[in-house]
Amino acid sequence: MLTADVRFEGWKTEDWSRFLDLWKPRAVRAAAEPTRPRGGVVAIVEKGAIHKLVHTRKGRLELPAAAAPAARTDALARASLSELALAHHASWVVAAERGALDEVMERFGARVHRSDDLTQQSLLLVGIVREMIREGAIESWPRRLHGFPVPTPVMMERTMNSICADGHAIVLGMFKDEELWTAFVARRRGRGFDVLAGPDELRPAMGLLSGEWRRDYRHLVRAVEDHYGPLSLGFFAEVERFRELQIDPRPGAWGRAVALRDVVVTPIPSAVGLALGVDVSRYALEGLRNLASRIGWFDPVVQSLRKRLGAGTRDDLVPSAFGFDPMAVLRALLRR
């Protein structure tokens, strides 16, 4: 997904930190929730015995006390990973057989090709880790992405073609306190993106802002097109509203936000517009379902609509390229 000569530009430390903060798991700050488990535990297991424990915040941990080494055999079988997390006040645990990580790299080296780009290599590595998990050499808790398949390079390319034409750009603009909080621009060249840009060079080009982001986003669109080329997809919102939508599981949440202009999507590729349109239909259908639960005779009408639209219509359209719903993955990763 990235060209060999990709360049990063227009980033200040604060802008980059803000952009990364958009994708952090949504959790209450430590001061407001001091008792919540934080950090993770990595356990190295050998022949059923815990050989080494490391906490990402506390460092190396002592092994479970036992009268003899044999008493620790099958420790992970007796104490589940969730109990191990509880014992060390951790939010996640990864357990791996001794030598499992070496085996991951051995398999990766045997299968990777010189012509594979970063996306292909990343997907291959994820697939190998999944393979090791199925074999029981690696285990994790909680399994947030359990059941989600790994997309193939062909699926990724097909999705990119549907949202960004060659020579065009996509932009994510986040606003807060009447200013551009951060932004991300990616310009496509051939099969990948050759520019990943931040907002530093765009802010001066936007000129004087009105303080109303629903009008000011147009200045950002103009600045992006002047600097990087025609826009294929633009996504604009206030920071806090965007964070709420990331983990909102309700049917039609994104479609309703676009309809109410809590989120502005412009220009909008046909594939994205179709997905948002069906999302709005799901929102309306959910409202009809709630109404039908109160009015019994109305239920056959709703059932007929469900057959026409399909309860999982969006689940067929949106993930048609991936084989799963990308927003469901995002919610699983960001939600505590």
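Computed from a predicted model, the values in this text were never measured in an experiment.

Next up on the list: the overall build of the chain. Within the chain, the regular secondary structure consists of 14 helices and 11 strands. Across the 336 residues of the chain, 40% fall into the buried class. Summarising the internal contacts of the chain: among those between residues at least 6 apart in sequence, 65% fall at separations of at least 24. Of the accessible surface of the chain, which amounts to about 18800 Å², a share of 56% is contributed by carbon and sulfur atoms.

Consecutive residues of a regular strand have side chains that alternate between opposite faces of the sheet. The buried fraction of strand β8 (residues 179–189) is high, at 9 of 11 residues. One ladder, built from 8 bridges, connects strand β7 (residues 169–176) with β8; its direction is antiparallel. Across the sheet, the residue bridging to Lys176 is Glu179, located in β8. Where β7 folds back onto β8 in an antiparallel hairpin, the turn is made up of 2 residues, including Asp177, whose phi is positive at roughly 50°. In terms of strand pairing, β8 meets strand β9 (residues 192–197) through 5 bridges, oriented antiparallel. Within the sheet, the bridge partner assigned to Arg189 lies in β9 and is Gly192. In sequence, β8 turns back onto β9 through a hairpin of 2 residues, with Gly190 there showing a positive phi of about 70°.

What follows concerns the nonpolar core. One finds Leu22, Leu172, Met174, Phe193, Phe235, Phe242 and Val263 to be the most contacted residues of the largest nonpolar core, which totals 23 residues. Elements supplying a minimum of two residues to this core: β7, β8, β9, β10 (231–238), α9 (239–246), α10 (253–259) and β11 (263–265). Residues in contact with Phe193, not counting those within four places in the same chain, are Met1, Leu2, Thr3, Val6, Met160, Cys164, Ile170, Ala186, Arg187 and Arg188. Formed by 20 residues, the second largest nonpolar core is a distinct cluster that contains Ala169, Ala197, Met206 and Val224.

Let us look at the confidence of the model for the chain. The pLDDT averaged across the chain works out to 78; a share of 71% of its residues lies at or above 70. Note that residues 311–322 has pLDDT below 50 and, in this model, 26 contacts with residues that lie over four places away or in other chains.

The subject of this paragraph is the sheet that holds β7. Here 6 strands make up an open sheet; going across it, the order is β1-β9-β8-β7-β10-β11 and the pairing mixed. Taken across any chain shown, the strands that pair with only one partner, and hence form the sheet edges, are β1 (2–9) and β11. Strand-to-strand, the axes of this sheet are offset by a mean angle of 10°, without reference to chain direction. Against the sheet, helix α1 (residues 13–21) contacts β7 and β8, and its axis sits at roughly 85° relative to β8.

Over its 18 residues, helix α5 (residues 118–135) extends 26 Å from the first C-alpha to the last, a length consistent with the 26 Å expected when each residue adds 1.5 Å. Among all positions of α5, only Thr119, Leu123, Leu124, Ile128, Glu131, Met132 and Ile133 are buried. Contact partners of the buried residues in α5: α4 (100–111), β6 (138–141) and α6 (153–163). Looking one or two places after α5, you find Gly136, whose phi comes out positive at around 90°.

A word on unusual backbone geometry. Residues Thr266 and Pro267 are joined by a peptide bond in cis, for which omega reads -10°. Inspection of the secondary structure assignment puts Pro267 in the loop between β11 and α11 (270–294). Located in the positive-phi region is Arg261, a residue other than glycine, with phi close to 60°. By the element assignment, Arg261 lies in the loop between α10 and β11.

This brings us to the pattern of salt bridges. Counting across every chain of the model gives 16 salt bridges. Between Arg107 and Glu135 there is a salt bridge, and its shortest N-O distance comes to 3.0 Å. Of the two residues, Arg107 is situated in helix α4 and Glu135 in helix α5; the sequence distance between them amounts to 28 residues. On the basis of relative accessible area, Glu135 is assigned to the partly exposed category, the value being 49%. Residues joined in a network through salt bridges with shared partners are Glu103, Arg107, Arg111, Glu131 and Glu135.

As a further point, take the sheet that holds β6. Spatially, the 5 strands line up as an open sheet ordered β4-β3-β2-β5-β6, and their pairing is mixed. A single partner strand is all that each edge strand has here, and the edge strands are β4 (59–61) and β6. In this sheet, neighbouring strand axes are inclined to one another by 20° on average, regardless of whether the strands run parallel or antiparallel. By the bridge criterion, 6 bridges tie strand β2 (residues 40–46) to strand β3 (residues 49–55) in an arrangement that is antiparallel. Along β3, the bridge assignment pairs Glu46 with Ala49.

About the criteria used
- Residues numbered from 1 in each chain as written.
- Predicted model: local features only at pLDDT ≥ 70, side-chain atom pairs only at ≥ 80, totals over all residues.
- Heavy atoms only, no water.
- Helix = DSSP H or I, 4+ residues; strand = E, 2+ residues; numbered from the N terminus.
- Buried < 20%, exposed > 50% of the residue type's maximum accessible area, 1.4 Å probe, protein only.
- Contact = heavy atoms within 4.5 Å.
- Areas by Shrake-Rupley, 256 points an atom, 1.4 Å probe, with all protein chains shown as cover.
- Pairing = 2+ DSSP bridges.
- Core = buried A, V, L, I, M, F, W, Y, C linked by side-chain atoms within 4.5 Å.
- pLDDT = per-residue confidence, 0-100.
- Axes fitted to C-alpha atoms, helices over the stretch in contact; angles between N-to-C directions.
- Expected span 1.5 Å × (residues − 1).
- Salt bridge = Lys/Arg side-chain N within 4 Å of Asp/Glu carboxyl O.

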